[in-house]
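# Structure at a glance
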Amino acid sequence: MVGGEEELPAARAAIQFAYTGRVEAGGGIREVLQVRRQAAYLQMEGCMEACLAAVREKLEAGGGAGAGAAAAGGGAGGGAAAEVPPPTAVLELYSCRDVWPDPSEDPAFAALLTEAKRRLVAHFGDTLAVLNKQQLYEQMQALPAEGLEALLESDDFGTDSESSVVLVLAEWMAANHSRTDAATRRRLCELLRLVQCSRTYLSWVLPALAARHEASPDSAAGWLPLTRDDATCLLTYSSATEKERSAITGEGLLSMSVAIEHWPANWLSTQRRRQCLPAEGRTIGFSASLAELTQAFGGLESAEMNLIFPSLAGTRHANHFGAQGWEWSPYVRWKSGDAAAGAFVQPRMPAALGASGSAAAAGAKLLNGAVVAFPRLRLTVTGIFLLST
């Protein structure tokens, strides 16, 4: 089965296997899978097995501990010294989804894919690494739906909060919504463990996303298949005792039972993902030049106050980082005459949670006018270095 001239090398390699017993596909995983597709058409089981062995060998050579091991370190995405590794073979495998055989009809490939999912999760590590490291963030956005599905369904994809998992999906949707259909979006959203989200998300973000979905379910803003009734029930359920939860999900309380009976099981799951934030927290380096400090504080009159937003080290953005499903901008405030300055963080809504177009109005009032408690974030400053210009 040669669909075009571009498939001729794979067809030749499959036929050549009959004489040599070796898979000689130049290039990478895509080329090997193309040979396997030709071998399947020609019913060359030995060649098919050899191709899978070649892919497995490339996956093993390409590593996969990657950022997952690094994320155990100290930085916002895994420590200042924990650099993001180069793309691994598992990313190449997921980048050529168009030449995969159907895993449901190919047990051998399904088994290889199970191992590949573990390597993919290990590469990305956790939500803080994905949200704060530029290379991992771009790799996440480039994943097909099957790749993101592998992350969302795994207990080993670490996080500080389920809200950060929702934000990762929102960031992916912002880049990939046009390449998805309603069934794909629902499949991904069904993997969220929404009841574990923070109060900020349960009482503020999810209702706004639900309003957008009701207003325009097929738009980029309406990607989360949640109604406002669903959001209300989630908030109620999240704050209920175990006895109350049993009553809510039982047959005795008809109103809420009807509302949640169509929910995916994961939305109410209490199974925790791997906690990626150690008790001592993670370290984020920040700095401001002497010129910047002088400009901010040098001309202050007595008792006059000003602040400065320093530059962050090792994060995707120069002046804010992601955590708890939110973005945070550290700043230093000083009043002239005080013996010490104060260090604070300012919360900000991630752009991926915003929306444009007609659907945005549906959630704008909830996001812009609501009174809500932000997640708690403990800030410890261990040192400040002045850099001369």
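Look up a bit, the structure's there.
The structure contained in this document is the topic of the report that follows. Starting afresh in each chain, residues are numbered from 1 along the sequence in its written order. Restriction of local features to residues with pLDDT of at least 70 applies here, the model being predicted, together with a cutoff of 80 or more for giving and counting side-chain atom pairs; totals for whole chains, interfaces and linings are based on all residues. Excluded from the side-chain calculations are hydrogens and water; all other atoms, namely the structure's heavy atoms, are used.

## Some remarks on the pattern of salt bridges
By definition, a salt bridge exists where a carboxyl oxygen of Asp or Glu is found within 4 Å of a side-chain nitrogen of Lys or Arg. Using the criterion set out here, one finds 15 salt bridges in the structure. In this structure, the salt-bridge partner of Arg30 is Asp98, at a minimum N-O distance of 2.9 Å. A residue pair is termed long-range when its members are at least 10 positions apart, and Arg30 in helix α2 (residues 29-41) and Asp98 in the loop between α5 (89-95) and α6 (107-124) qualify at 68 residues. Residue classification places Asp98 among the exposed positions, given a relative accessible area of 52%. Connected through shared salt-bridge partners, Glu115, Arg118 and Arg119 make up one network. Elements are defined by DSSP. Helices are runs of H or I of four residues or more, strands are runs of E of two residues or more, and each kind is numbered from the N terminus. Type-normalised accessible area, obtained with a 1.4 Å probe on protein chains alone, sets the label of each residue: buried when under 20%, exposed when over 50%, and partly exposed for intermediate values.

## Here we look at a nonpolar patch on the surface
Think of a patch as exposed residues, more than 30% relative accessible area, with no salt bridge, where like charges cluster within 9 Å and nonpolar side chains (Val, Leu, Ile, Met, Phe, Trp, Tyr) cluster within 5 Å. In these tables, accessible area is a Shrake-Rupley quantity obtained with a 1.4 Å probe, and a residue counts as shielded only by the protein chains included in the view. On the surface, a nonpolar cluster with roughly 490 Å² of combined accessible area is contributed by Ile15, Tyr19, Tyr41 and Leu42. With respect to the secondary-structure elements, Tyr19 resides in helix α1 (residues 8-20). Accessibility expressed as a relative area gives 72% for Tyr19, which makes it exposed.

## With respect to the packing of aromatic side chains
Planes of paired rings set the category: under 30 degrees apart is stacked, over 60 is edge-to-face and the rest tilted, where pairs are Phe, Tyr or Trp rings (Trp by its six-membered ring) whose centres lie within 6.5 Å. Counting across every chain of the model gives 8 aromatic pairs. Summarising the aromatic geometry, the rings of Phe309 and Tyr331 are spaced 5.5 Å apart at their centres and angled 45° between planes, so their arrangement reads as tilted. On the criterion of sequence distance, the pair formed by Phe309 in the loop between β2 (305-308) and β3 (311-313) and Tyr331 in strand β5 (residues 326-335) is long-range, its members being 22 residues apart. Given the relative accessible area of 35%, Phe309 is considered partly exposed. What links up through ring pairs into an aromatic cluster is the set Tyr94, Trp100 and Phe109. Placement of a charge over a ring requires the Lys NZ or Arg CZ to be within 6 Å of the ring centre, with the centre-to-atom vector within 35 degrees of the ring normal. Against the face of Tyr137 rests Arg316, its NZ or CZ located 3.5 Å from the ring centre.

## Some words on empty space enclosed by the protein
Here the term cavity refers to a set of points on a 1 Å grid, laid over the protein atoms alone, in which a 1.4 Å probe fits but cannot get out; the term pocket refers to an open set having protein on both sides within 12 Å along at least five of seven lines, with lining residues being those that place an atom within 4 Å of a point. Grid points are joined across faces, edges and corners, and a volume is the space filled by probe spheres set on the points. Enumeration according to the criterion identifies 2 cavities of 30 Å³ or more in this entry. One number sums up the size of the largest cavity: a volume of about 60 Å³. Around the largest cavity sit Leu131, Asn132, Leu167, Glu171, Arg316, His317, His320, Phe321, Gly322 and Glu327, which together line it. Elements that contribute at least two residues to the lining of the largest cavity include exactly α7 (127-132), α10 (162-176) and β4 (321-323). When residue character is reported, Ala, Val, Leu, Ile, Met, Phe, Trp, Tyr, Cys and Pro are called nonpolar, Asp, Glu, Lys and Arg charged, and the others, Gly included, polar. Of the residues assigned to the lining of the largest cavity, the class counts are 3 nonpolar, 4 polar and 3 charged.

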